[in-house]
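In case you want the letters, here they are:
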Amino acid sequence: MPVPALGLLTYRVPADQPMPSAGARVMVLVGPRTMTGVVLGEAAAADTAYTIKPITQVVDDHAFVPPDIVKLTEWVSEYYLAGPGATLAAALPPHGLTARTDRFKTVRVAALTAAGLDMADRLAAHSAVPAEGPRLGRRQAEALRLLQGSPDGLTAPVLADRGIASAAVNALTALGLVAIRHDRVDRDPFEHAVSAAAPHVDRAATDEQQAALDRLLPMAHARSFGVALIHGVTGSGKTEVYLRLAEAVRTSGRGVLMLVPEIALTPQVAALFRARFGEAVAIQHSGLSDGERHDQWHRIRRGDVDVVIGTRSAVFAPLARPGLVIVDEEHDTSYKQDETPRYHGRDVAIMRGKFASALVVLGSATPTMESYTNALEGKYTLVSLNRRVLDRPLPGVSVINMREEMAATGEDAVLSRRLIAGIGARLDRGEQSLILLNRRGFATAVICRQCSATIECPNCSISLTIHKHGAHWHGRCHYCNFLKPVPKTCEKCAAPYMERVGFGTERVEAEVRRLFPSARVARVDRDTVRRKGSLVQTLARVARREVDILIGTQMIAKGHDFPEVTLVGVISADVGLGLADFRSNERTFQLLTQVAGRAGRGTRRGEAIIQSLLPNHYAITLACTQDYRQFYDTEVKYRRAMRYPPHVAMVNVVVRGQTFEDAMQGARSLAGEARNARGFALLGPAPAPLTRLRGEHRAQFFLKGTNRRVMREALQLALSRKASLGKRVSVDVDPLSML
Ligand code: ADP
Ligand code: ZN
């Protein structure tokens, strides 16, 4: 049942009915409510302490959710300690279970009846309205003529296009000359499609691409489970390798599933697949409405689709016989769902491949520590693409020490002299620049110069980020969206000395516009892309070279392929370093390597300029040399020494409460139960780094160990003993965020 936290429920099959198929939907009573759920299988033995209610109604006479997807969700539910119903609901399109009948968009189709055909024939013979029979208007006669040529009928939009309104059709229907039927239409998901499809070019694979294919194709054809990690530097042409693999697998009669972090950010990949496979591709992107997702799910379920491209949840697409599962940019954190079930799309993709005896391909220029370790340990096949296609050079990267820069030009320098000169040179040459600052807003905070107070979110333990709206200054909480005007005087001491400190993308945009007033500037961050479609539009403008300078957060670092970008600037490259997160080095290295990789992808060599207050940090220096292996070797030592993943596995448990004491008390009692088990370390409980979030207090503890099963079972037992904590607990297995 799609009810949070509940385990499996048992119902009785009425004596006169057959056992419903696993995967079929049924309607049952949950408390006083009738709800739709999915049959998982026969219960081993009924617990006679309860009265077992009968199934109210069986909705499907065969599996609605395919058995392999049911099995996959069962695995997710167990591995991530999430309710089976909530997991199943996450695997289906929105309202997938609650929709009793499949809601499809239909279109009115008008076709001639026998009498209508007769009349049309007579009209044709007389070329004027015949004397006998009903008198028809000019439009009506015209409609009959049109319909005569289309025995299957014409849709209302087509008729309207030819100037025939529904009134004319209705009149003909009333005369018995036309019959109306309603045909189901699959909404075309490409209505709001991703950028213009790239022209299909049949080019030869590079030597490295060919070498990669020589290793991967036999794995795909083996029809047994295997995982390959493609470590390919930015611009090495990984997409072409995916395409050729996909083609081979599809030709062999099996399906292809490809996960991407966010289609709007990498429209080219989807467009290339679309160009190569046409209608056989389903592309799931964030622009789709619920109804469109629904239609697409059914299209895939019916077997109309061979290739599915989508974000995280597409891993559950009901594609039959997957033979290849690709996870592009496998390092991307958007693969992790941050609400229950807190699954990692890449790891679920691997299980999907395992259940389907398929090849799983993970690709990245900056693989996660986890995946690269698995590759080095021989669990995955490692395939490397070390050069850019056509021997294009990697960009030259240099670091600007911002301490020295500020000493020379003043404390509030945002862009260094070197970066300003670089942008100016690109403008002169008609080339494009990207500027990354992974922090949105205008200023990081306002602070009282007299008492050092900042303005805090009333709901969260975080200070408000300052945004400029026209002439007004606002503080906004980036966690709960709380918004209020920035006060003129300090709320604590009433002193009139509120000062803005730190800066974000809005400030960079203001600086760039001031320095280059005639340049065409665009900004991409979560504030600018709230409006649906605006991200796609901005990126399309960049691709059409209608933008000279694109400013943005990590969104602009993803897999874009803009050949005219020859300069990438990074402001405050150390933003993420020093956060209370053991992955901050890895994240910084990935972000800098990826964004630098956006430069010089065309025929001209690229350059990246990285500004930092910590120019000697290894995450920054190694991103400059773009030396992944050196970074991995350095980082893995630190992880091992600190006993962090991938050396150990972790589970993060957060307990919420109305007061801090409530939260701590709950965490203590749960942790106390878990401590009864052995085989792992338990750290905490302690206040969570975000002690307050959306009005709730939070305490957390961690489990650390090498055996996930042991940790899972200990937690499961603890949770069942402390069932009263119920909804106040969130469990995150393999957490990506420590907050
Ligand atoms: P990656 O994803 O590895 O960063 P892409 O797949 O985006 O790299 O490819 C980089 C660029 O190289 C793209 O513009 C792509 O069209 C081009 N490319 C890829 N393979 C070839 C090839 N075999 N011949 C010519 N150009 C290629
Ligand atoms: Zn808040």
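Below is a summary of the structure that appears in this document. (Residues numbered from 1 in each chain as written. Chains lettered and ligands numbered in written order. Predicted model: local features only at pLDDT ≥ 70, side-chain atom pairs only at ≥ 80, totals over all residues. Heavy atoms only, no water.)

Re unusual backbone geometry
Point 1. In this chain, proline 645 is followed by proline 646 through a cis amide linkage whose omega measures 5 degrees.
Point 2. For the bond running from glycine 684 to proline 685, omega is 0 degrees, close enough to zero to count as cis.
Point 3. As for its placement among the helices and strands, proline 685 is situated in strand 26 (residues 681-693). (Helix = DSSP H or I, 4+ residues; strand = E, 2+ residues; numbered from the N terminus.)

Remarks on the environment of glycine 291
Point 1. Examined against the element boundaries, glycine 291 turns out to sit in helix 10 (residues 290-302).
Point 2. Counting along the chain gives 292 residues from glycine 291 to arginine 583, while the straight-line C-alpha distance between them is 38 Å.

Quick notes on the sheet that holds strand 2 (residues 33-38)
Point 1. Ordered by their spatial adjacency, three strands build an open sheet running 2-1-3, and the pairing between neighbours is antiparallel. Bordering the open sheet on either side are strand 2 and strand 3 (57-58), each of which pairs with just one other strand.
Point 2. Pairing between strand 1 (residues 25-30) and strand 2: six bridges, direction antiparallel. When the bridges of strand 2 are listed, valine 30 appears paired with arginine 33. (Pairing = 2+ DSSP bridges.)

Digging into the coordination of the zinc ion (ligand 2)
Coordination angles at a metal have ideal targets, namely 109.5 degrees for four tetrahedral donors and 90 or 180 degrees for six octahedral donors.
Point 1. Coordination sphere of the zinc ion (ligand 2), protein contribution only: Cys457 (SG), Cys460 (SG), Cys477 (SG) and Cys480 (SG), at 2.2 to 2.4 Å.
Point 2. Note on cysteine 457: relative accessible area 4%, which makes it buried. (Donors = N, O, S within 2.8 Å, 3.2 Å for Na, K, Ca; no water. Buried < 20%, exposed > 50% of the residue type's maximum accessible area, 1.4 Å probe, protein only.)

So, the nonpolar core
Nonpolar side chains tend to gather and get buried jointly when the protein is soluble and globular.
Point 1. Among the nonpolar cores identified, the biggest contains 105 residues, and Val308, Phe316, Val348 and Leu550 are the most heavily contacted of them.
Point 2. Setting aside anything within four residues of it in sequence, one finds phenylalanine 316 in contact with Ile69, Leu72, Thr73, Val76, Ala90, Ala91, Tyr343, Val348 and Arg352. (Core = buried A, V, L, I, M, F, W, Y, C linked by side-chain atoms within 4.5 Å. Contact = heavy atoms within 4.5 Å.)

So, the packing of aromatic side chains
Point 1. As enumerated under the stated definition, the model contains 15 aromatic pairs in all.
Point 2. Both rings, one in phenylalanine 273 and one in phenylalanine 277, keep their centres 5.8 Å apart while their planes meet at 45 degrees; by these two values the pair is tilted. With phenylalanine 273 and phenylalanine 277 both in helix 9 (residues 267-277) and four residues apart, the pair spans about one turn of that helix.
Point 3. Between phenylalanine 442 and tryptophan 473, the ring centres sit 5.0 Å apart and the planes meet at 80 degrees, which makes this aromatic pair edge-to-face. Linking phenylalanine 442 in the loop between strand 15 (432-436) and strand 16 (445-448) with tryptophan 473 in strand 18 (residues 472-476), this pair joins segments that are 31 residues apart in sequence.
Point 4. Judged by its relative accessible area of 23%, tryptophan 473 falls in the partly exposed class.
Point 5. Among the aromatic residues, those joined into a ring-pair cluster are Tyr372, Phe589, Tyr618, Tyr628, Phe631 and Tyr632.
Point 6. In this structure, lysine 704 is placed above the aromatic ring of tyrosine 644, and the distance from its NZ or CZ to the ring centre is 4.5 Å. (Phe/Tyr/Trp six-rings, centres within 6.5 Å; stacked < 30°, edge-to-face > 60°. Lys NZ or Arg CZ within 6 Å of the ring centre and 35° of its normal.)

Things to note about the packing of helix 8 (residues 238-251) against helix 9
When two helices pack together, their arrangement is captured by the angle between the axes and the distance separating the axes.
Point 1. At a minimum axis separation of 11 Å, helix 8 and helix 9 run at an interaxial angle of 35 degrees. Remark: the crossing between helix 8 and helix 9 carries right-handed chirality. Contact with helix 8, carried on its side by Thr239, Glu240, Tyr242, Leu243, Arg244, Ala246, Glu247 and Arg250, involves Val269, Leu272, Phe273, Arg276 and Phe277 of helix 9 and no other residues of that element. (Axes fitted to C-alpha atoms, helices over the stretch in contact; angles between N-to-C directions. Left-handed = near helix turned anticlockwise from the far one by under 90°.)

Thoughts on the pairing of strand 10 (residues 307-310)
Point 1. Where burial is concerned, the two faces of strand 10 agree: the one with Val307 and Ile309 and the one with Val308 and Gly310 are both buried.
Point 2. Examined bridge by bridge, strand 8 (residues 255-259) and strand 10 share four bridges and lie parallel to one another. Along strand 10, the bridge assignment pairs leucine 257 with valine 308.
Point 3. As defined by bridge partners, strand 9 (residues 281-283) adjoins strand 10 across three bridges and the pair is classed as parallel. Looking across to strand 10, one finds that isoleucine 283 is bridged to isoleucine 309.
Point 4. What joins strand 9 to strand 10 is helix 10, and the crossover it makes is right-handed. (Right-handed = clockwise from strand over helix to strand, strands pointing away.)

Let's talk about the site of ligand 1
Point 1. Surveying the vicinity of ligand 1 reveals 16 residues, the closest of which are Ala204, Gly235, Lys238, Thr239 and Asp561.
Point 2. Here an oxygen atom of ligand 1 sits 3.1 Å away from a polar atom, N or O, in the side chain of arginine 203.
Point 3. In this structure, an oxygen atom belonging to ligand 1 sits 2.8 Å away from a side-chain N or O atom of threonine 239.
Point 4. No other element matches helix 8, which puts three residues into the shell around ligand 1.
Point 5. Taken together, the residues of the shell around ligand 1 sort by class into four nonpolar, seven polar and five charged. (Near = heavy atom within 4 Å. Polar contact = N/O pair within 3.5 Å; in protein donor to acceptor, adjacent residues only side chain to side chain. Nonpolar A, V, L, I, M, F, W, Y, C, P; charged D, E, K, R; others polar.)

A look at the pairing of strand 25 (residues 649-657)
Point 1. Along strand 25, eight of the nine residues are buried, which leaves the element largely enclosed by surrounding structure.
Point 2. Two elements, strand 25 and strand 27 (residues 696-705), share nine bridges in a ladder whose sense is antiparallel. For glycine 657, the partnering residue across the bridge sits in strand 27 and is histidine 697.
Point 3. Where strand 25 and strand 28 (residues 729-733) come together, five bridges link them in antiparallel fashion. Paired with valine 654 across the two strands is serine 730, which belongs to strand 28.

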